[in-house]
Structures are given as structure tokens and as C-alpha cells.
Amino acid sequence: MKVAFISTLYAPNEMGGAERTVRVLAEALAHNGDEAVVISLAWDGQARQAMVGPVKAYYVPLANLHWPFLEDRPSALRRALWHAIDAYNPVMGARVGAILDIEQPDVLQTGNLLGFSVAAWRAAARRRIPVVQMLHDYYLACPNSSMFRHGSNCRTQCGDCRAFCTPRRLLSNIPVAVTSLSARTLEKVEGAGNFRKVPLRYIAHGANNVHAQPEPRTDRAPGGNLKVGYLGRIERTKGIEVLLDAAAAMAPGAVTVMLAGKGEEAYTQSLRARYPNADIVFLGFTKPGDLFAQIDLLVVPSLWEEPLGRVIYEAYEYGVPSAVSRAGGMPEIVEEGRTGFVFEAGNASALAAILERERAAGWAAGRFFNACRAKSREFNMDSLFARYAEIWTTASRTGPRPASA
């Protein structure tokens, strides 16, 4: 089987979990003896081909006003025009189509379409190539891909987003199958009117391609210090202040908070000033394994509805449980009391209560370690690849949907 993948970014230009998932799937397909081709944006505007390991990669120049990942934020008008072009970009559709003519894959799997637009779907449909759409964010319902505005999650699609996303909604029945990292992500994207006639739907969690052999952990006596960690961007939408408020509400010495990640320096300094007496360690950029080796519990306190926190199942690999906010897809992969805990998003008191209860009872490190290690097997590459191989085979047999679907 030959599968072509479309991803806004691809190695060596990865920025997040979506790109890593595409890479591990493409590489696994190639190692399996099949063919994998990836189409992504050329960050430098230069069209080229390259072999990235066993995978042939096409880097395509972006036909739009600016590169979407600029550090300096363009004006509101320029951003609006950019999104208007990205609503349906026929130039990018033609560039994708030219590559599909060369490669003639059995299936096209599209992931992040930012920059390519849903014109890529139509390019495949016109060539009678079945499309599998993989959801890693809310791009099909929100130009900003987040469905988060003015500090709050969007319960429904706002008027501006509905207008910009009209082509996405109208063409969303072209894919023969849609996969989503979580049921919640699929629910929100479908709620914007997408995929009403798509025959196949799957929930396929991401893959952890990190293999660790951590030392087993042993239970600890009641009342000791609990080391909790955070790994990710240091920014408000990630709920950092919820975690720090919870820690500040507890007795001195009860918890140590270890923050791993980087963000705007002004915001980081404001946190240092706001919580001068809390036991907080700002680690800056830290390798995940280095953090997991030091903590008892990972806390993922996001305010916005993250499709799925990759960091959760990465922590499982090290035998570390997670306390996660009830937002997005994260609660779907946490087994309450076994591999972690779930608390209401934004509720620092609820988080503090969990931390104090578990600390006072004696931290069950050994039990959590064994449960999390067992849970981690659900996210290994073999499991994910088998799932997608089945999806690609089914999509190929089902056949393409019409370009006007």
C-alpha cells in the first residue's frame, strides 16, 4: 500500500505532537515494506524533495501573504486576509494535485491542513483517491485551530469562524473516513456541521514513540512531600496559575512544584513575583524523561479544551500518573484513581484537595507505577500503526467520495 500524508509541518520542522504522529506513522509504514510520501510546507519558500529516513518528503512553497508561524504577530487585517485565502486555496490545491499525479497513492491521509486548505481534499477527490482526515485540532471549525477566545472555550462556533470555515464545512463530506485523537475533539468539529455524510469514524489516540525502562517505585508513608510537575508552554491558557494556586493553598512543605517549559519572559517573571513563598522550581526547557524521573505526579491543568495531551501518555511510559483538568480529550485517557485524577478546569481548590488527600494517605507510588506502565501499552507504536493500517485498508476498499460531496 502507498499512503500520502499531508501535514502543515514535517521533520525537521516539527513543532508539536501532530507532526510527530505523522512522522512515526509514515516511518512505520515504510519499515513495514509499504510506501510513505509526505507533503508539507516549505518554511523557506523553496520547493524541494528529500528523503527523511525511509520517507519521501515534498516541501511545498506556501501561496499566501506570510508564513503562519511568525514570531512577530501581523496586523489584524493581514491575519484576516490570510485566513480568507486559507479558507479555500486553489493554488495550494493545484500544487498538491501535481504531487498526487506523480505519486498516485492508494490513500491520502490529511492531518493539519493550515496553509494547504481543504482544496487538498478536492485535489484528491478529482483523482479518485480516498481521503482519511486525521483530527489533531479544531482547524475545520476555527481558523485559529483552537476554539478558544477571550480566555474562554467556545461552546459553539462563532459567526466569524462559521464564515471563514464555510468551504471546510461544505467539502467536509469528501473524506471517506475521519479519525480523531479524542471523542471530544470529534464532537466539537462535528458540532460545526462537518462530516455529516462521512461513512467511517474512528477514535485513534496518538502514539508514544519513546521507550523507557524506569526503575520501579515504592509506596511512601503518609504526610510526606509530594513532587508534582508540569511540562509544556508557560502560558495562561495552560492553567499554570491553577496549579500554583493549589500549591499555595497547601501547608508549607506539602508539595514541590516543578515547572518544565518556556514561555514569555514577562509572564514567567509575573509568576515568580505572585508566588514568592510557594515551593516552585522553574526548570526552563527540560527533556520529558528528566522531569518524569523527579516527580510523583504530572499535572495538566489546561483551561482550553486540548484535543489530547501527549504528555499524559508519555508520563505513563515512565510510570507517572497525571491529574488533568476536565477539558478536551484528556479525561478520556485517565482512569480515575488508577492512572491519575480528573478535576474541574480552573478549580484550584479541587486540585489542592486531590493533592492533600493522596499525600495524607501515603503516596501509592508502586500501585500507580504498575498501572501507568500497563496503560502505556495502549499508546505504543505497534498499537497505533495496526489501528491506522486497518483504517487505510478499509478506506481503500470503500473507495473515494465525490469532489462535490
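Shown above is the structure to which this text applies.
Residues numbered from 1 in each chain as written. Predicted model: local features only at pLDDT ≥ 70, side-chain atom pairs only at ≥ 80, totals over all residues. Heavy atoms only, no water.

A. Spotlight on empty space enclosed by the protein. Evaluation of the coordinates by the stated rule reveals 2 cavities of 30 Å³ or more. Empty space within the largest cavity amounts to approximately 50 Å³. Taken together, Gly111, Asn112, Leu113, Gln133, Met134, Leu135, His136, Asp137, Tyr139 and Leu140 make up the lining of the largest cavity. Within the lining of the largest cavity, the residues separate by chemical class into 5 nonpolar, 4 polar and 1 charged. The residue makeup of the lining of the second largest cavity, split by class, is 3 nonpolar, 4 polar and 2 charged. (1 Å grid on protein atoms, 1.4 Å probe; cavity = no way out; pocket = protein on both sides within 12 Å on 5 of 7 lines; lining within 4 Å. Points joined across faces, edges and corners; volume = space filled by probe spheres on them. Nonpolar A, V, L, I, M, F, W, Y, C, P; charged D, E, K, R; others polar.)

B. Focus on the packing of aromatic side chains. One pass over the full model with this rule turns up 10 aromatic pairs. Centre to centre, the rings of Phe292 and Tyr318 are 5.2 Å apart; their planes meet at 50°, and the pair counts as tilted. Remark: Tyr318 occurs in the loop between helix H11 (310-317) and strand E15 (322-325) and Phe292 occurs in helix H10 (residues 288-292); sequence separation between them is 26 residues. Classification of Phe292 by relative accessible area gives buried; the value is 0%. Between the aromatic rings of Tyr388 and Trp392, the centroid separation amounts to 5.8 Å while the plane-to-plane angle is 40°, which identifies the pairing as tilted. Separated by 4 residues within a single helix, Tyr388 and Trp392 lie in helix H14 (residues 381-398), roughly one turn from each other. The burial state of Tyr388 is the same as that of Trp392; both residues are buried. Each member of the aromatic cluster is reached from another via a ring pair, and the members are Phe5, Phe385, Tyr388 and Trp392. Positioned above the aromatic ring of Tyr138 is the side chain of Lys188, whose terminal nitrogen or guanidinium carbon lies 5.1 Å from the ring centre. Taking NZ or CZ as reference, Arg367 lies 4.8 Å from the ring centre of Phe368, over its face. (Phe/Tyr/Trp six-rings, centres within 6.5 Å; stacked < 30°, edge-to-face > 60°. Helix = DSSP H or I, 4+ residues; strand = E, 2+ residues; numbered from the N terminus. Buried < 20%, exposed > 50% of the residue type's maximum accessible area, 1.4 Å probe, protein only. Lys NZ or Arg CZ within 6 Å of the ring centre and 35° of its normal.)

C. Summary view of the sheet that holds strand E6 (residues 131-135). One open sheet accounts for 8 strands, arranged E3-E4-E2-E1-E5-E6-E9-E10; its pairing is mixed. Looking at the sheet topology across the chains shown, the edges are occupied by strand E3 (48-52) and strand E10 (200-203). Taken pair by pair, the neighbouring strands of this sheet meet at an average axis angle of 20°, ignoring direction. Across the sheet, helix H1 (residues 17-31) lies against strand E1 (2-6), strand E2 (35-41), strand E4 (55-60), strand E5 (107-110) and E6, angled at about 165° from E1, the strand it touches most. Of the strands in this sheet, E1, E2, E4 and E5 touch helix H3 (residues 90-103), which is tilted by about 155° from E4. (Pairing = 2+ DSSP bridges. Axes fitted to C-alpha atoms, helices over the stretch in contact; angles between N-to-C directions. Contact = heavy atoms within 4.5 Å.)

D. Inspection of the pairing of strand E9 (residues 177-180) at higher detail. Neither face of E9 is open: one carries Ala177 and Thr179, the other Val178 and Ser180, and all of them are buried. As judged from the 4 bridges shared by E6 and E9, these two strands associate in the parallel manner. Directly across from Met134, in E9, lies its bridge partner Thr179. Two elements, E9 and E10, share 4 bridges in a ladder whose sense is parallel. Among the inter-strand pairings, Thr179 is bridged to a residue of E10, identified as Tyr202. Between the parallel pair E9 and E10, the chain is carried across by helix H7 (residues 183-191), and the sense of this crossover is right-handed. (Right-handed = clockwise from strand over helix to strand, strands pointing away.)

E. Structural view of the side chain of His136. Along the chain, the position of His136 falls in the loop between E6 and strand E7 (148-149). Classification of His136 as buried rests on a relative accessible area of 11%. Non-local contacts of His136, meaning those with residues more than four positions away in its chain, are made with Gly17, Ala18, Thr21, Asn112, Leu181 and Pro307.

F. Spatial organisation of helix H2 (residues 76-87). Helix length check: H2, at 12 residues, gives a terminal C-alpha distance of 16 Å against a target of 16 Å (1.5 Å per residue), a fit within 8%. Every buried residue of H2 is accounted for by Trp82, His83, Asp86 and Ala87. Buried residues of H2, seen end-on, are gathered within an arc of 145° and therefore sit on one face of the element. Looking at the buried positions of H2, the neighbouring elements they touch are helix H5 (159-164) and helix H6 (166-171). (Expected span 1.5 Å × (residues − 1). Arc of directions from axis to C-beta.)

G. The arrangement of the pattern of salt bridges in detail. In the structure shown here, the tally under the stated rule is 26 salt bridges. Its salt-bridge partner being Arg168, residue Asp86 comes within 3.6 Å of it at the nearest N-O pair. You can see Asp86 sitting in helix H2 and its partner Arg168 sitting in helix H6, a full 82 residues away along the chain. Considered together, Asp86 and Arg168 belong to a single accessibility category, that of buried residues. Across the salt bridge formed by Glu190 and Arg201, the nearest N and O atoms sit 2.4 Å from each other. A residue pair is termed long-range when its members are at least 10 positions apart, and Glu190 in helix H7 and Arg201 in strand E10 qualify at 11 residues. Three or more residues are tied together by salt bridges with common partners; here these are Lys2, Glu35, Lys56 and Glu103. (Salt bridge = Lys/Arg side-chain N within 4 Å of Asp/Glu carboxyl O.)

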